[in-house]
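Reading the structure
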Amino acid sequence: MMYFPARAKHGTFLVGQEKGDSCTIASTRMALKQVTGVDYKESDLRKLSSKIDNGYERNPNKWGTSPDTTAKLINDNYGKSANASYSNPGTQSVADLQSAAKDGKGIIVSVRNSEWFGSSAAHSVTVVGVKTENGQQVVLVNDPWPPNTGKKLAIPADDFKRAWYGDATFISKVK
């Protein structure tokens, strides 16, 4: 029997990506809003990201935005209100995500295609928390797919780890 996660009841900002390949930008938008309270336009974020090597429209793989450019996008353009750091694939754990979420950080991660994430390749989502439901640890995710809608998911941590690359961009509010 396959387990399909229930929609999470967390009240964080959810937005669907505006373009088929803008999941990293939409996830950045959600994480920035969570940290700063400001709803930046996805089109503005895409335009700024397109000025960065491997950013939106400049990725040599011809798909979306390379996740490692997100911290540069934030630090170069929103440094007065937020700062960001990127951790390479395989360097993070669910416990790291849980700690960062408790600290109020915006968290963007890369995942593989799975029954939850509608992409055919790598995909970006925003992690908004980790909690225990019915004795099982679950990762709370705001997924910008499908376009213009998005969805909130509560995914069992073991299932999430199979889809996750183990990377993260952590965004903090500048005080």
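By convention here, each chain's residues receive numbers from 1 onward along its written sequence. With pLDDT at 70 or above as the cut-off, local features in this predicted model cover only qualifying residues; side-chain atom pairs require 80 or more to be listed or tallied, and sums for whole chains, interfaces and linings still use all residues. Only hydrogens and water are removed before side-chain values are computed, so all heavy atoms of the structure are retained for them.

A look at the overall build of the chain
For clarity, the threshold we go by: Here a strand is any run of E in DSSP of at least two residues, a helix any run of H or I of at least four, and the numbering for each starts at the N terminus. Exposed residues in this analysis have more than 50% of their type's maximum accessible area, buried residues have under 20%, and partly exposed residues fall in between, with area computed by a 1.4 Å probe over protein chains only. Contact criterion: two residues are considered in contact whenever any of their non-hydrogen atoms come within 4.5 Å of each other. Methods summary: accessible areas were calculated by the Shrake-Rupley approach with a probe of 1.4 Å, and residue burial reflects only the protein chains presented.
For the chain, the helix and strand inventory stands at 5 helices and 6 strands. Across the chain, helices and strands are ordered from the amino to the carboxyl terminus as α-α-α-β-α-β-β-β-β-α-β. Burial statistics for the chain: of 175 residues in total, 51% are counted as buried. Considering only contacts within the chain whose residues lie at least 6 apart along the sequence, 62% involve residues at least 24 apart. With an accessible surface of roughly 8400 Å², the chain has 47% of that area assigned to carbon and sulfur atoms.

Considerations on the sheet that holds strand E1 (residues 82-87)
As a reminder, the rule being used: Note on pairing: two strands pair once DSSP finds at least 2 bridges between them. Note on method: axes are straight lines fitted to C-alpha atoms, helices fitted across the in-contact stretch only, with angles between N-to-C directions ranging 0 to 180 degrees.
Ordered by their spatial adjacency, 6 strands build an open sheet running E1-E6-E2-E3-E4-E5, and the pairing between neighbours is antiparallel. Two strands bound the open sheet, and with one partner strand each, they are E1 and strand E5 (151-156). Here the strands of the sheet are splayed against their neighbours by 30° on average, with no regard to which way each runs. The pairing of strand E2 (residues 106-111) with strand E3 (residues 123-133) spans 5 bridges and is antiparallel. Each residue of the ladder has a partner; that of Ser110, found in E3, is Ser124. Here helix H1 (residues 23-36) sits on the sheet in contact with E1, E2, E3, strand E4 (136-143) and strand E6 (168-173), set at roughly 50° to E3.

Examining helix H4 (residues 94-102)
To keep it simple, the criterion reads: The arc refers to the directions leading from the helix axis to the C-beta atoms.
Taken as a whole, H4 has its buried residues at Val94, Leu97, Ala100 and Ala101. An end-on view of H4 places all buried positions within 125° of arc, on one side of the element. In this structure, the buried side of H4 is in contact with E2, E3, E4, helix H5 (157-163) and E6. Just downstream of H4, Gly104 is the residue with a positive phi angle, here 80°.

A few points about the packing of H1 against helix H3 (residues 70-77)
How we decide: Geometric relationships in this document are graded by angle, where less than 35 degrees denotes roughly parallel, more than 145 denotes roughly antiparallel, 65 to 115 denotes roughly perpendicular, and other angles denote oblique. Helix crossings fall into two classes, left-handed where the near helix is turned counterclockwise from the far one by less than a right angle and right-handed where it is turned clockwise. Classes in brief: Ala, Val, Leu, Ile, Met, Phe, Trp, Tyr, Cys and Pro nonpolar; Asp, Glu, Lys and Arg charged; the others, Gly included, polar.
Relative orientation of the contacting elements H1 and H3 amounts to 50°, with a least axis distance of 11 Å. Comparing their axes, H3 and H1 come out oblique. Relative to H3, H1 is oriented so that their crossing is right-handed. Packed against H1, whose contacting residues are Thr24, Ile25, Thr28 and Leu32, the element H3 presents Thr70, Leu73 and Ile74 at the interface. Broken down by class, the residue content of the contact of H1 with H3 amounts to 4 nonpolar, 3 polar and no charged.

Digging into the pairing of E5
E5 sits mainly inside the fold: 6 of its 6 residues count as buried. Going residue by residue along E5, you find Lys151, Leu153 and Ile155 tucked away on one face and Lys152, Ala154 and Pro156 tucked away on the opposite face as well. With 6 bridges joining them, E4 and E5 adopt antiparallel strand pairing. Paired with Asn142 across the strands is Lys152, a residue of E5.

Describing the pattern of salt bridges
Here is the rule: By salt bridge we mean one thing: a side-chain nitrogen of Lys or Arg within 4 Å of a carboxyl oxygen of Asp or Glu.
Considering all chains together, one arrives at 10 salt bridges under this definition. The shortest N-O distance in the salt bridge between Arg29 and Glu18 comes to 3.7 Å. With Arg29 in helix H1 and Glu18 in the segment before H1, the pair connects residues that are 11 residues apart, well separated along the chain. Linked by salt bridges that have partners in common, Glu18, Arg29, Asp39, Glu42 and Arg46 make up one network.

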